[in-house]
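Summary of the model geometry
Single-letter residue listing:
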Amino acid sequence: MRTMVIRWDGESQVLVRKVGRAAIRTGRRTDATAMYEGSSQPSDETTVHRWTVGGGWVAEARLVFDRQARCTYLTLQSPRPEVEAQVFAWFSERLQAVPLAELLDDAARNGDHDDQAYVRLALGAGSEPSEEVRRLLAGSLRAPEPTRRRGAALAVGLLQWPRLLHDVASALETETDEGTRAVLTVAYRQMNA
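The following paragraphs examine the structure supplied in this document. All residue numbers refer to position in the chain's written sequence, counted from 1. Owing to the predicted nature of the model, reporting of local features is limited to residues with pLDDT of at least 70; listing and counting of side-chain atom pairs is limited to 80 or more, with chain, interface and lining totals taken over all residues. Note that the side-chain values use all heavy atoms of the structure and ignore hydrogens as well as water.

**Digging into the overall build of the protein**
Within the protein one finds 8 helices and 5 strands. Taking 16 Å as the expected radius of gyration for a compact globule of 193 residues, we find that the protein reaches 17 Å, a close match to that expectation. C-alpha atoms of the protein, sized along the principal axes, occupy 55 × 35 × 30 Å. Here the protein, with 193 residues, has 47% of them falling under the buried criterion. Of all intrachain contacts in the protein linking residues separated by at least 6 positions in sequence, the fraction that spans at least 24 positions is 54%. Accessible surface, the protein as shown: approximately 10,100 Å² in total, 48% of it carbon and sulfur. Asp and Glu are treated as the negative residues and Lys and Arg as the positive ones, with His and the ends of the chain left uncounted. Where a charge lies is defined by one atom per residue type: Lys uses NZ, Arg uses CZ, Asp uses CG and Glu uses CD. Charge-centre separation for the protein: the mean point of 25 positive side chains lies 5 Å from the mean point of 26 negative side chains. Numbering of helices and strands starts at the N terminus; helices are DSSP runs of H or I of at least 4 residues and strands are runs of E of at least 2. Using C-alpha atoms as the atom set, the radius of gyration is obtained and then compared with a globule rule of 2.2 Å times the number of residues to the power 0.38. Buried, partly exposed and exposed residues are distinguished by accessible area as a fraction of the type maximum, computed with a 1.4 Å probe on protein chains only: under 20%, between the cut-offs, and over 50%, respectively. Residue contacts follow a heavy-atom distance rule, with two residues in contact if any of their heavy atoms lie within 4.5 Å. Areas reported here follow the Shrake-Rupley algorithm with a probe of radius 1.4 Å; residue values treat only the protein chains shown as occluding.

Listed below in structure tokens is the structure:
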């Protein structure tokens, strides 16, 4: 699965239409039908719009308006990695992603009072481990500020990069905040599964 944090401050329905047009264009490029599958609200804080291309065989796109993380992001999934990469590139041509450098800077500057900055970083970091992101998360798991540690734990749980497993294990040994410890425990179990 690939994810991009989208820079958007306009009306949500305008972005829904824009993503819909990108799905239709993707369908044309792959000789498949693109279909809007509807929206859902899994929580009070989240609204998800879903499209399939080729009945999901080619790709499935989800546009997520996440009020808790204070961001909008797109996830794209395909059963074929090469198709997923191409379709993600096509969507990237139509949407403005927040650059990873900006997400890193946001987490580094604001993570001591905004744990969701780390969530946004994880959503925009991609599936391939970045050394810069790994260093920030590893350091933040040992930070004196509980909000920063909690944010890093949330990000590690979303990313599940094997290179962070040692850092999670070390953080579990010293974490004093029960909520952060619970998030770390879940992340550790998922990474070891």
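Having seen it, we continue.
**Comments concerning the packing of helix α7 (residues 165-174) against helix α8 (residues 178-192)**
Contact geometry of α7 with α8 gives a least axis separation of 10 Å together with a crossing angle of 145 degrees. Crossing hand, α7 versus α8: left-handed. Where α7 approaches α8, its residues Leu165, Val168, Ala169, Ala171, Leu172 and Glu173 are matched on the opposing element by Arg181, Leu184, Thr185, Tyr188, Met191 and Asn192. When its residues are assigned to classes, the contact of α7 with α8 shows 8 nonpolar, 2 polar and 2 charged. Each axis is a line fitted through C-alpha atoms, taken for helices only over the stretch in contact, and angles between the N-to-C directions span 0 to 180 degrees. Two helices that cross are described as forming a left-handed crossing if the nearer one is turned anticlockwise from the farther one by less than a right angle, and a right-handed crossing if clockwise. Just so you know the grouping, Ala, Val, Leu, Ile, Met, Phe, Trp, Tyr, Cys and Pro go in nonpolar, Asp, Glu, Lys and Arg go in charged, and all remaining residues, Gly too, go in polar.

**Considering the nonpolar core**
Buried Ala, Val, Leu, Ile, Met, Phe, Trp, Tyr and Cys residues that are joined via side-chain atoms within 4.5 Å together make up what is termed a nonpolar core. In this structure, Leu121, Val133, Leu137, Leu141 and Val156 are the most contacted members of the largest nonpolar core, which totals 34 residues. Mapped by element, the contributors of at least two residues to this core are β5 (71-77), α3 (100-110), α4 (116-125), α5 (131-141), α6 (146-159), α7 and α8. Per-element tally for this core: the top contributor is α4, with 7 residues. Not counting residues within four places of it along the chain, the set of residues in contact with Leu137 comprises Tyr118, Leu121, Ala152, Ala155, Val156, Leu159 and Leu164. Counting residues in hydrophobic clusters, the runner-up holds 22 residues, among them Val19, Trp51, Leu63 and Phe88.

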